[in-house]
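The chain contents come next:
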Amino acid sequence: MNIMRRITNPAGERNKDPILDVLRRVLSKTEPNLRLLEISSGVGLHAAYFAKEFPNITFQPSEHDTTLFASIDAYRQDVKNVEPPIFIDISKPCTDWQNEANINLTSGANRFDYMLNINMLHISPIACAHGLFDNASQLLKRGGLLITYGPYAVDGTLTPESNVRFNESLQQRNPEWGIRDTKELSKLAASKGITLQEMIELPANNKCLIWKKDANHA
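Bear in mind the structure is a predicted one, so any value in this text is a computation, not a measurement.

1. Quick look at the overall build of the chain
Move 1: Check the secondary structure of the chain and you find six helices and seven strands.
Move 2: Mapped from its N terminus to its C terminus, the chain presents α and β elements in the order α-β-α-β-α-β-β-α-β-α-α-β-β.
Move 3: At 16 Å, the chain has a C-alpha radius of gyration in line with the 17 Å of a compact globule built from 218 residues.
Move 4: If one aligns the C-alpha atoms of the chain with their principal axes, the spans along those axes are about 45 × 40 × 35 Å.
Move 5: The burial tally for the chain puts 50% of its 218 residues in the buried class.
Move 6: Counting only contacts in the chain whose residues sit at least 6 apart along the sequence, the fraction spanning at least 24 positions is 70%.
Move 7: Accessible surface computed for the chain: about 10,400 Å², of which carbon and sulfur atoms make up 49%.

As structure tokens, this is what we get:
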């Protein structure tokens with residue numbers, strides 16, 4: 001019955017292995033008791049798939065659309081290190097969040113070693129980008145990593161032409177949506193004590209961005 005509730009995600013099936021290859025490079029597979037918060041988990045495919053590779057990391061999926069919780073639960077049913085999904089509105093300060101896991105700033109124990117965000121920034125208002133970096137600056141441990149994935153413009157240039165057309169279609173659907181520029185995101189991140197460490201080219205004109213919270217940032 002649970003399997004039948006899984007929502008398919010063809011794009012996720014295509015990108016899960018390229019993203020996993022990046023995670024193998026940047027996430028620890030040996031340090032015990034690490035925690036990862038996924039923002040905008042979608043149907044739940046990625047968290048369950050990645051968690052099998054990292055038994056030392058507890059994955060906490062989250063989603064704004066609570067109708068996807070059943071699918072997230074179905075994907076994670078046989079994966080011990082994936083927690084039940086929680087509701088998070090990333091555009092809001094984490095001190096205002098109300099969810100089952102009580103993830104906020106009540107104690108340092110609530111901080112995460114990693115955060116992961118796949119295919120959200122371009123299909124959400126810019127307030128979500130602000131919220132992602134603002135909350136990452138508070139929820140990540142010092143030196144913690146934020147990994148984001150999707151299409152990006154670089155220093156004002158968006159390529160190839162297919163991404164230009166994709167961006168136009170996004171803005172036609174919602175003027176608040178659109179492919180973000182790494183230069184602007186880097187400025188936003190820097191104001192929160194987060195720096196872009198690496199930009200990795202992936203298939204289908206997407207990129208994985210590796211962001212790091214400064215070790216001296218509280």
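2. Side note on helix 6 (residues 182-190)
Move 1: Listed as buried for helix 6 are Thr 182, Leu 185, Leu 188 and Ala 189. All buried residues of helix 6 project into a common sector of 120° when viewed along the axis, lining one side.
Move 2: On its buried side, helix 6 packs onto helix 4 (126-139), strand 6 (194-202) and strand 7 (206-213).
Move 3: Put simply, Asp 181 is the residue that caps the front of helix 6, since its side-chain oxygen is 2.8 Å from the backbone nitrogen of Lys 183.

3. A closer look at unusual backbone geometry
Move 1: With omega at -10°, the peptide bond leading from Thr 159 into Pro 160 counts as cis.
Move 2: Mapped onto the fold, Pro 160 is located in the loop between strand 5 (140-150) and helix 5 (161-173).
Move 3: Its identity is not glycine, yet Asn 119 carries a phi of approximately 55°, on the positive side.
Move 4: Classification of Asn 119 as partly exposed rests on a relative accessible area of 26%.
Move 5: With a phi angle near 60°, Asn 205 is a residue other than glycine that sits in the positive phi range.

Definitions and cut-offs
- Once a new chain begins, its residue numbering starts again from 1 and follows that chain's sequence as written.
- Given that the model is predicted, a residue must reach a pLDDT of at least 70 before its local features are reported, and side-chain atom pairs must reach 80 or more before they are shown or counted; all residues, however, enter totals for whole chains, interfaces and linings.
- Only hydrogens and water are removed before side-chain values are computed, so all heavy atoms of the structure are retained for them.
- Strands here are runs of E lasting at least two residues and helices are runs of H or I lasting at least four, both read from the DSSP assignment and numbered beginning at the N terminus.
- With the radius of gyration taken over C-alpha atoms, the globule rule is written as 2.2 Å times the number of residues to the power 0.38.
- Only protein chains enter the accessibility calculation, which uses a 1.4 Å probe; a residue whose area is less than 20% of its type maximum is buried, one above 50% is exposed, and one in between is partly exposed.
- Here, residues are in contact when the closest pair of their heavy atoms is within 4.5 Å.
- Shrake-Rupley sampling with a 1.4 Å probe provides the accessible areas, and residues are treated as covered by the protein chains on show and by no other component.
- Directions drawn from the helix axis to the C-beta atoms are what define this arc.
- For this analysis, a polar contact is any N or O atom pair within 3.5 Å, provided that within protein one partner can donate a hydrogen and the other can accept it, and provided that sequence-adjacent residues contribute only side-chain to side-chain pairs.

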